[in-house]
Amino acid sequence: MKFWDYGNAFLLEASRAGADVCAPDLPPGHFRYPSYVQDIMGEIFSMGFGPFRWVCASGLPQDLATTDRLAAEVLNGIVASGVPDYVRQQYADNLLWISEAGKHNMVVGSQARILYSDRQGRIGLALAFNKAVATGELKGPVILSRDHHDVSGTDSPFRETSNITDGSMFCADMAVQNVIGDSFRGATWVALHNGGGVGWGEVVNGGFGLVLDGSEAASAKAAQMLEWDVCNGVSRRSWSGNETAEQTVRRAMEANDKLRVTLPHQTDDALLDSAVQQAGLDTAVIIQ
């Protein structure tokens, strides 16, 4: 059985109420039922994908339709240039979504869209949108943002960072580093807050807004800020021993020769356990 545990940390609260839902052989915060956030979204975040957002400041439906078209063109271009097998399905799913999003008439109020995307996709979208603003193809600026339920935006040991298994899931540093890094890489505004999704004291959230006004400066800010905004979280996940995240970091460094990320050294757990036992210790936190 799999459990759809998304916004309310239901399994966590059930365990606190005395329900027998915890996994007996795993660290605290792991449950006997595979769940959406921990076992599905955690791996998608490790690929660098998460909910990217934009708002058309003109308020015009035709501007939103234009951004949908531009987004599909960008993603098709990335796929045509070649993507690894492990992210191919993500691109296929997101292309289907953005190609059909307008048909569902889900916009209420602001002309806004959400699209799961990775570092390469987000930067490509931002540059395409900014160019369209500069040429007048879009009638007003575009504001970029994302959900805090994303690759780097949240330290939440029972939700977004629950698949980080080296013990650092309980650290609240990534979201803080994320907004500070975004702020001096060009974000128009940043926000640091608490409680998103699972309640006060359980999570630290960070977010940003970036206005694309058609200027060259906006393109430069978008490229450097979005690089950091995604790679920060993927790096954190790779350091915990997640091999998907490490593969994603290596791809990012190949694409940007100015990017330098310390890569983890994978350990042999059996060898480390043996060394700990020989030293006469009962337990150890194994940093993979």
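So, about the nonpolar core. Counting 51 residues, the largest nonpolar core has Trp54, Leu125, Phe129, Val142, Leu144, Leu212 and Leu226 as the members making the most contacts within it. Among the nonpolar cores identified, the runner-up in size contains 9 residues, and Leu12, Ala14, Phe31 and Phe158 belong to it.

Now for the packing of aromatic side chains. Applying the stated criterion across every chain yields a total of 4 aromatic pairs. Taken together, a centroid distance of 5.4 Å and an interplanar angle of 85° make the contact between Phe49 and Tyr91 edge-to-face. Separated by 42 residues along the polypeptide, Phe49 in the loop between α2 (36-46) and β1 (50-56) and Tyr91 in helix α4 (residues 85-100) bring together distant segments of the chain. Classification of Tyr91 by relative accessible area gives buried; the value is 1%. Both rings, one in Phe158 and one in Phe170, keep their centres 6.0 Å apart while their planes meet at 70°; by these two values the pair is edge-to-face. In this pair, Phe158 is assigned in the loop between β4 (154-155) and α6 (174-184) and Phe170 in the loop between β4 and α6, connecting sequence segments 12 residues apart. Using a relative accessible area of 17% as the deciding quantity, one classes Phe158 as buried. In this structure Phe170 comes out as partly exposed when scored by relative accessible area, which is 46%. Over the face of the ring belonging to Phe158 we find Arg16, whose NZ or CZ atom lies 5.7 Å from the ring centre.

Where burial is concerned, most of strand β6 (residues 204-212) is hidden: 8 out of the 9 residues are buried. Bridge count for strand β3 (residues 142-146) against β6 is 3 bridges, and the pairing is antiparallel. Residue pairing for β6: Ile143 is matched across the bridge by Val211.

So, on to the environment of Asp182. Structurally, Asp182 is set in helix α6. Along the backbone, Asp182 and Gly209 are 27 residues apart, and their C-alpha atoms lie at a distance of 9.5 Å. If sequence neighbours within four positions are ignored, Asp182 has contacts with Arg146, Ala187, Val190, Phe208, Met225, Trp228 and Asp229.

As a further point, take the packing of α6 against helix α7 (residues 216-239). Where α6 contacts α7, the axes come no closer than 9 Å and their chain directions differ by 160°. Overall, the two elements α6 and α7 adopt an arrangement that is roughly antiparallel. Here α6 runs over α7; the crossing is right-handed. The segment α6 lies against α7, with Met174, Gln177, Asn178, Gly181 and Asp182 engaging Met225, Trp228, Asp229, Asn232, Gly233, Arg236 and Arg237. When the residues that make up the contact of α6 with α7 are grouped by side-chain class, the tally is 3 nonpolar, 5 polar and 4 charged.

Positive phi outside glycine occurs at Asn105, with the angle close to 50°. Of note, Asn105 is situated in the loop between α4 and β2 (112-117). For Asn105, a relative accessible area of 67% gives the class exposed.

A residue-level look at the protein finds 95% of positions with pLDDT of 70 or above and a mean pLDDT of 90. Confidence scores differ between elements of the protein, with helix α9 (residues 269-278) showing the lowest mean pLDDT of 83 and helix α5 (residues 119-135) the highest of 98. Below pLDDT 50 for its whole length, residues 284-288 participates in 17 contacts with residues either more than four positions away or in separate chains.

Attention now moves to the pattern of salt bridges. Evaluated as defined, the whole model comprises 16 salt bridges. Salt-bridge contacts for Arg88 lead to Asp85; the nearest nitrogen and oxygen are separated by 3.2 Å. In this pair, Arg88 and Asp85 both sit in helix α4, 3 residues apart, roughly one turn of the helix. Close ionic contact of Asp155 with Arg236 constitutes a salt bridge, the shortest N to O distance being 3.0 Å.

A few words now on α4. Look at α4: 24 Å from first C-alpha to last across 16 residues, which is about the 22 Å you get at 1.5 Å a residue. For α4, the complete set of buried residues consists of Tyr86, Val87, Gln90, Tyr91, Asn94, Leu95 and Ile98. The arc that holds the buried residues of α4, viewed along the axis, is 135°, so those residues lie on one side. α4 presents Asp85 and Leu96 as exposed residues on the side facing more than 90 degrees away from its buried surface. Of the surrounding secondary structure, the elements contacted by the buried residues of α4 are α2, β1, α3 (61-81), β2, α5 and α8 (243-255).

Reading guide: rules and limits
One numbering rule holds for all chains: residues counted from 1, following each sequence as written. This being a predicted model, a pLDDT of at least 70 is required before a residue's local features are given, and a value of 80 or more before pairs of side-chain atoms are given or counted; all residues contribute to the totals for chains, interfaces and linings. With hydrogens and water set aside, each side-chain value is computed from the structure's full complement of heavy atoms. Only buried residues count toward a nonpolar core, which is a set of Ala, Val, Leu, Ile, Met, Phe, Trp, Tyr and Cys residues joined through side-chain atoms within 4.5 Å. Each residue's exposure class comes from its accessible area (1.4 Å probe, protein chains only) as a fraction of the maximum for that residue type: buried when under 20%, exposed when over 50%, partly exposed otherwise. A pair of Phe, Tyr and Trp rings is counted when the ring centres sit within 6.5 Å of each other, with Trp represented by its six-membered ring. The angle between the planes then sorts it: under 30 degrees is stacked, over 60 is edge-to-face, the rest tilted. Working definition: helices are DSSP H or I runs of at least four residues, strands are E runs of at least two. Numbering for both runs from the N terminus. We count a charge as sitting over a ring when the NZ of a lysine or the CZ of an arginine lies within 6 Å of the ring centre and within 35 degrees of the ring normal. In short, DSSP must find at least two bridges between two strands for them to pair. Contacts were defined at the residue level, with two residues in contact if any of their heavy atoms lie within 4.5 Å. The convention used is that axes are lines fitted to C-alpha atoms, helices contributing only their stretch in contact, and that angles between N-to-C directions extend from 0 to 180 degrees. Between 65 and 115 degrees an angle is taken as roughly perpendicular, under 35 as roughly parallel, over 145 as roughly antiparallel, and anywhere else as oblique. Two helices crossing with the near one rotated counterclockwise from the far one by less than a right angle form a left-handed crossing, whereas a clockwise rotation gives a right-handed crossing. Only Asp, Glu, Lys and Arg are considered charged, only Ala, Val, Leu, Ile, Met, Phe, Trp, Tyr, Cys and Pro nonpolar, and every remaining residue, Gly among them, polar. For every residue, the predictor assigns a confidence score, pLDDT, that lies between 0 and 100. Take a side-chain nitrogen of Lys or Arg and a carboxyl oxygen of Asp or Glu: if they are within 4 Å of each other, that pair is a salt bridge. The span one expects for a helix is its residue count, reduced by one, times 1.5 Å. Throughout, the arc means the angular range of directions from the helix axis out to the C-beta atoms.

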